[in-house]
Amino acid sequence: MIPVLSAFIALVVFAWGLDVAALDRGAGSLPWLVYEQGLHLSGLLAIGLMSLAMVLATRPVLLERPLGGMDRIFRLHKWAGILAAVFAALHWLIEMSDDLVKAVFGRAGRPEERESGGLFEMLRDAGEEIGEFAIYLVLAMIVLSLWKRFPYKFWRHLHRAMPVLYLLLAFHAAVLAPPDYWTRPVGLLLAALLASGTVASVVALAGRIGRDRRVRGVVTAVSSPAPDVTEVVCLFGGEWRGHQAGQFAFVTIAGVDRFEGAHPFTIASADHGDRTLTFQIKALGDYTRHLASRVAVGQAVTVEGPYGRFVLDRHDRKARQIWIAGGIGVTPFLAWLDELRTRPAEAPQVELHYSTRGAAADPFVTRLQSLCADLPSVTLRIHDSATGASLTPDALAGARTAGQRAEVWFCGPRHFGDQLQAGLRRAWGGRLRFRREAFEMR
Ligand SMILES: Cc1cc2nc3c(=O)[nH]c(=O)nc-3n(C[C@H](O)[C@H](O)[C@H](O)COP(=O)(O)OP(=O)(O)OC[C@H]3O[C@@H](n4cnc5c(N)ncnc54)[C@H](O)[C@@H]3O)c2cc1C
């Protein structure tokens, strides 16, 4: 994520830099030129990153491969949005500081503003007013997004206003960008960003995000393997295009909660060509807590997907394979094992670690044991924190064979993943490849 955002920012700064290099030095005094270029650069970065966030919000499947999966695209979207708001705030502060620059350095030396007159001048005035108003709303939205206690289901509806705010800010950028920008690299880049962000906003406002990947089906079985886990099995029509083991889908079950949108869940079963998908859903919030009592056989269900690159076929056959599941993060591994059972001869040598808070009452322990029973190349290790047998990076790192590359596939709580990744990176350095699925979008 950091390399992508850095490269994007570098591209915008480079295009702006070309423009600054061609600047007529006599166009104004140094303080005013710094003020003006600061305003331009912060504005370019703000609208550029906002355009990127808008494009990523459309769930672009084509970008899954280069960006590493839809979960990473969501995180990139989130951070592009946060950074855009930071630059927008900076842009606003610079704009507000013109009286200060005037008081300290005087009005002399301020670059001349070209008066175009007429309609264009009116559009620029409107652009200024609209930009200021939209920036306040974007900043409020970012605060709500970062305030995790604000319920997701309300935030989701407020977040739908973002394409409208984007269009307002795109108008602001288009009418207030210096007119001579449009014939230069910086203007061409700005035009491309505004065009792609505008198309993405229209797609979002028309409700077309993910529509081509939506398929209707019916719930065929419901059970509760544990008090806080609901297993839902669904059958879909012929339009379901199949999935790779480890992918996820957005699920909407009719009649469960009309105010809730689609929730992302991993498809916890392999694709057996029968258009049947199994979901294992843990009670982690208001929707998932009430699911067990509200879902029943025969209810209509819609899935949108499949998405994700946490897939079995990507594992590196030359590296030592370590698969780590924490709690409900076991679901992609259930799908992987289900898939491997259909072709056991191709199963790689794997150490599968499952970390649980109470093995005795955990239905996934027996499920994993039965799936692994047919797969001799998969060594299952259960780590039960209730008995003090937690999985630590030191325990994993100790078992390393010298010189061997290791590929870790991790799905589970974020802090647990961070701890393991940092500990293993310290021990194994560049020989480690740590791949993880994020179960968080906001
Ligand atoms: C790629 C992926 C795969 C997942 N696979 C599984 C799985 O196999 N089994 C499982 O039990 N859980 C899975 N989750 C987590 C699951 O989506 C959330 O636990 C669930 O949506 C929480 O909803 P809630 O309303 O009960 O909780 P809330 O308390 O309302 O939300 C808790 C958090 O869940 C996320 N969330 C809530 N609603 C949505 C939504 N509509 N869309 C996106 N994110 C939302 C937000 O980050 C929110 O802050 C997965 C998540 C992702 C991103």
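Residues numbered from 1 in each chain as written. Predicted model: local features only at pLDDT ≥ 70, side-chain atom pairs only at ≥ 80, totals over all residues. Heavy atoms only, no water.

S.K.: What exactly am I supposed to notice about the environment of S293 here?
M.R.: In this fold, S293 is placed in helix 10 (residues 286–294). Separated by 162 residues in the primary sequence, S293 and G131 place their C-alpha atoms 47 Å from one another. Polar contacts involving the side chain of S293 include one to the main-chain carbonyl oxygen of H290, which spans 3.0 Å. (Helix = DSSP H or I, 4+ residues; strand = E, 2+ residues; numbered from the N terminus. Polar contact = N/O pair within 3.5 Å; in protein donor to acceptor, adjacent residues only side chain to side chain.)

S.K.: Honestly, the site of the ligand in this entry has me stumped. Any pointers?
M.R.: Contacts to the ligand come from 23 residues, most closely from A262, H263, P264, K282 and T288. At 3.0 Å from a nitrogen atom of the ligand is found a main-chain nitrogen or oxygen belonging to T266. Contacts to the ligand include Q280, whose backbone N or O atom sits 2.9 Å from a nitrogen atom. Protein burial of the ligand: of its 900 Å² of free accessible surface, 90% is covered by the chains. Looking at the shell around the ligand, the elements with two or more residues in it are strand 4 (263–266), strand 5 (276–282) and helix 10. Of the residues assigned to the shell around the ligand, the class counts are 12 nonpolar, 6 polar and 5 charged. (Near = heavy atom within 4 Å. Areas by Shrake-Rupley, 256 points an atom, 1.4 Å probe, with all protein chains shown as cover. Nonpolar A, V, L, I, M, F, W, Y, C, P; charged D, E, K, R; others polar.)

S.K.: I would appreciate a short explanation of a negative patch on the surface in the present structure.
M.R.: On the surface, a cluster of negative charge is contributed by E95, D125, E128, E129 and E132. The element contributing the most residues to the negative patch is helix 6 (residues 118–146), with 4 residues. Position of E132 among the secondary structure elements: in helix 6. What makes E132 partly exposed here is its relative accessible area of 32%. (Patch = residues over 30% accessible without salt bridge, like charges linked within 9 Å, V, L, I, M, F, W, Y side chains within 5 Å. Salt bridge = Lys/Arg side-chain N within 4 Å of Asp/Glu carboxyl O. Lys, Arg positive; Asp, Glu negative; His and termini not counted. Charge placed at Lys NZ, Arg CZ, Asp CG, Glu CD. Buried < 20%, exposed > 50% of the residue type's maximum accessible area, 1.4 Å probe, protein only.)

S.K.: Explain the nonpolar core here, please?
M.R.: Here is a general trend for soluble globular proteins: nonpolar side chains tend to be buried in one another's company. If you look at the biggest cluster of nonpolar residues, it comprises 50 residues, and the most contacted ones within it are L49 and V138. Counting only elements with at least two residues in this core, the list comes to helix 1 (2–21), helix 2 (30–56), helix 4 (70–96), helix 6, helix 8 (162–176), helix 9 (185–205) and strand 3 (248–253). The leading source of residues in this core is helix 2, at 11 residues. The contact partners of V138, leaving out residues within four places of it in the chain, are M50, A85, M162, L165 and L169. Judged by nonpolar contacts, the second largest core, of 30 residues, contains I328, F333, A347 and L352. (Core = buried A, V, L, I, M, F, W, Y, C linked by side-chain atoms within 4.5 Å. Contact = heavy atoms within 4.5 Å.)

S.K.: I keep staring at the state of the cysteines and nothing clicks. Help me out?
M.R.: Disulfides are covalent bonds that link the sulfur atoms of two cysteine residues. This structure, assessed with the given rule, holds 0 disulfides. For C234, which is in no disulfide, the shortest distance to another cysteine sulfur is to C411 and amounts to 19 Å. When its relative accessible area of 0% is taken as the criterion, C234 is described as buried. Free cysteine: C411, not disulfide-bonded; nearest cysteine sulfur from C372 at 16 Å. (Disulfide = S-S within 2.5 Å.)

S.K.: When you look at the pattern of salt bridges in this model, what are you seeing that I'm missing?
M.R.: Opposite charge on two side chains makes pairing possible when the charged atoms of those side chains draw close. For the structure shown, the criterion picks out 14 salt bridges. Among the salt bridges present, the one from D19 reaches R184, with a minimum N-O distance of 2.7 Å. With D19 in helix 1 and R184 in the loop between helix 8 and helix 9, this pair connects stretches of sequence that are 165 residues apart. With a relative accessible area of 6%, D19 lands in the buried category. Under the relative-accessibility criterion, R184 is labelled partly exposed at 28%.

S.K.: Teacher, can you tell me more about the packing of aromatic side chains here?
M.R.: Any aromatic ring pair is given by two values, namely how distant the centres are and how the planes are angled relative to each other. Counted by the stated rule, this structure contains 18 aromatic pairs. Where W32 meets Y35, the ring centres are 5.4 Å apart and the plane angle is 80°; that geometry is what we call edge-to-face. Within this pair, W32 and its partner Y35 are both found in helix 2, separated by 3 residues, close to a single helical turn. Residue class for W32 comes out buried when judged on its relative accessible area of 1%. According to the relative accessible area criterion, Y35 is buried, its value standing at 9%. Between Y152 and W155 the ring centres are 5.3 Å apart and the planes differ by 50°, which places this aromatic pair in the tilted class. Remark: W155 and Y152 occur in helix 7 (residues 152–159); sequence separation between them is 3 residues, near one turn of the helix. Chaining the aromatic ring pairs together yields one cluster made of F310, W323, F333, W336 and W409. Note that R59 overlies the ring of F250, its terminal NZ or CZ placed 4.0 Å from the centroid. (Phe/Tyr/Trp six-rings, centres within 6.5 Å; stacked < 30°, edge-to-face > 60°. Lys NZ or Arg CZ within 6 Å of the ring centre and 35° of its normal.)

The values reported here are purely geometric and, on their own, carry no functional implication.
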